[in-house]
Amino acid sequence: MKRSDLTELEVEQEGLKLRICRGPGGQIITQLPQGTAVHPETATAAGNGPQPAPPSAPAPAETTKVEENVTFIKSPMVGTFYRTPAPEMPPFVEVGHKVTEKSPVCIIEAMKVMNEIQSEVAGTIVEILLENGQPVEYGQPLFKVKKG
Amino acid sequence: MDKEAEVSILRELLAAGDAPVSGNRLAETLGVSRVAVWGWIDRLRKAGFALEGRPKAGYRLTGLPADLSETYLRASLPDAVLYVHEEIDSTNSEAERLLARGEPAPFAVAARRQTGGRGRRGRSWFSGEGGNLCLSLAFRPALPPARMGTFTLWTGVVLAGFLRETTGVPIFVKWPNDLMFERRKLGGILTEARMDSDQMRELVFGLGLNVNGDPRAWPPEIRETAASLRQAAGRSHALNPLAAALIRRMLEACEEFFADPPPPAFRSLWESFDLLNGREVGVLQGGETLRGRAEGIDEDGSLLLRAPGGRLLRLRAGDVTLEKEATP
């Protein structure tokens, strides 16, 4: 997954849905929908590296650190992701931009509250993981940042 | 310093109500000469306050300025931190600048006119040539972001309740927080926050309220969709007392919301203000319109929409429009 630059992979087969995404710190997160019965080998086969198979019920993430010095800015809430302060304005950040702990990086709109999210980490934006206007979940990675 | 003296005199006159206050008493209270009092009374008159002066009895306040008055707001809200402007780009933008500068919060920013009033995602807010309210309240609540889910609904129902009581206009809330008279918009709320992943840092609650404006004279694109309290009630409202009471009520309501424990569930309260309940609506969500019947909200504040097939959808975002009512 790291090699392919994939950030998210969703496989659906015979009623089984498996979602894998790269989590904070470059970890691989394997997610199974709640209550899904799964053969352990299915999960490990799709994963990357020597992590054990996730348990079969509500799947807590099993993680492995695969990338040094890289972190993620995550969404603090459920809402809609916006890269710009307003539609006609340029994005807060682009790939290659340097950010400090206080830099605003995006807006998450939740119940008509426009929440400006701060980077919390100093570094360089290396990847923007969502399109403007997409829905986001709590804890979902938004930006990949190289620290320093 | 002059401003403060004017505020103090007005405060004395407001406290006395209909009773006159003697020039001597004003001079004593403020520790100044009677001549100085005359000067300040004169300035209050020039600012639009009607003051009846009777020899021996003293001064009585008989009328207030029609436009927003900094002196009035300061006299009525001695404990609040206020920034009042003749004209500003946007009270929300100004509140954000003051927070960024490190000014102590909570505080209120009010203006007679806005040159760049803002709505959601680049929309503009038209507030006319005065007589309306442009207000922002700023806070630094130390709250986890998850606690903010129902803030929008809370402020909407508190405001609608306050305005029903003070104006008698049957105001409803269109989910999540547009203030409506019938099918037209009386007031809009724009809440903007700054946060990192674990905590809210700054919060600005902005309100544009059409008080004494005449929407018939407004730009064509909003003439049919906007309403003012004056139009709805058939009479104008004293802007300054309304603004002062509204600032007091909303500062309280926000602090109540931020407190631990937060206010109890207000779903039942919501019901008495819900414009949409039981009506056919369209909800525009990411370029797609969902249609169905609105059935109130859930505990999280999501809009419940009964789709034509009978499925119940819980919506957390979208622009709601009321479908045209079938003529009976």
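Since the structure is predicted, the reported quantities are computational estimates derived from the model, not experimental observations. (Residues numbered from 1 in each chain as written. Chains lettered and ligands numbered in written order. Predicted model: local features only at pLDDT ≥ 70, side-chain atom pairs only at ≥ 80, totals over all residues. Heavy atoms only, no water.)

**Here's the deal with the packing of helix α2 (residues 23–30) of chain B against helix α3 (residues 34–46) of chain B**
Residue and element names in this part refer to chain B.
- Contact geometry for α2 and α3: axes closest at 9 Å, N-to-C directions at 100°. Judged by the inter-axis angle, α2 sits roughly perpendicular to α3. Residues Gly 23, Asn 24, Leu 26 and Ala 27 of α2 form the contact with α3, whose own contacting residues are Arg 34, Val 37 and Ile 41.
- Grouping the constituent residues of the contact of α2 with α3 by class yields four nonpolar, two polar and one charged. (Axes fitted to C-alpha atoms, helices over the stretch in contact; angles between N-to-C directions. Helix = DSSP H or I, 4+ residues; strand = E, 2+ residues; numbered from the N terminus. Parallel < 35°, antiparallel > 145°, perpendicular 65-115°, else oblique. Contact = heavy atoms within 4.5 Å. Nonpolar A, V, L, I, M, F, W, Y, C, P; charged D, E, K, R; others polar.)

**Some thoughts on the environment of Pro 261 of chain B**
All names here are of chain B.
- By secondary structure assignment, the location of Pro 261 is in the loop between α9 (239–258) and α10 (267–271).
- Pro 261 gets classed as exposed once you look at its relative accessible area, which sits at 67%.
- Once the C-alpha coordinates of Pro 261 and Thr 150 are considered, the two residues, 111 residues apart in sequence, prove to be 14 Å apart. (Buried < 20%, exposed > 50% of the residue type's maximum accessible area, 1.4 Å probe, protein only.)

**Comments concerning α2 of chain B**
Residues and elements named next belong to chain B.
- Within α2, burial applies to Gly 23, Leu 26 and Ala 27. Buried residues in α2, looked at end-on, bunch into an arc of 100°, giving them a common side.
- Positive backbone phi, approximately 65°, marks Gly 31, located one or two places after α2. (Arc of directions from axis to C-beta.)

**Description of the environment of Gly 156 of chain B**
Residue and element names in this part refer to chain B.
- Relative to the elements of secondary structure, Gly 156 occurs in helix α6 (residues 151–167).
- For the pair Gly 156 and Trp 270, spaced 114 residues apart in sequence, the C-alpha separation works out to 9.1 Å.
- Apart from residues lying up to four places away in sequence, Gly 156 is in contact with Val 173, Asn 177, Leu 179 and Ile 189.

**Details of the sheet that holds strand β13 (residues 312–315) of chain B**
Residue and element names in this part refer to chain B.
- Taken in spatial order, the five strands make up an open sheet running β13-β12-β11-β10-β14, and their pairing is antiparallel. Two strands bound the open sheet, and with one partner strand each, they are β13 and β14 (319–322). Neighbouring strand axes in the sheet, compared pairwise and without regard to direction, differ in orientation by 45° on average. (Pairing = 2+ DSSP bridges.)

**Focus on the pairing of strand β8 (residues 113–118) of chain A**
- Most of β8 of chain A sits out of view: six of its six residues are buried.
- Burial along β8 of chain A is two-sided: Val 113, Asn 115 and Ile 117 of chain A facing one way and Met 114, Glu 116 and Gln 118 of chain A facing the other are all buried.
- Judged from the six bridges that link them, strand β7 (residues 104–110) of chain A and β8 of chain A form a sheet pairing that is antiparallel. Bridged to Ile 107 of chain A within β8 of chain A is Glu 116 of chain A.
- As consecutive antiparallel partners, β7 of chain A and β8 of chain A are separated by two residues, and within that stretch Met 111 of chain A has a phi angle of approximately 50°, a positive value.
- Note: β8 of chain A against strand β8 (residues 184–195) of chain B, five bridges, orientation parallel. Looking at the pairing, Asn 115 of chain A lines up with Ala 193 of chain B of β8 of chain B.

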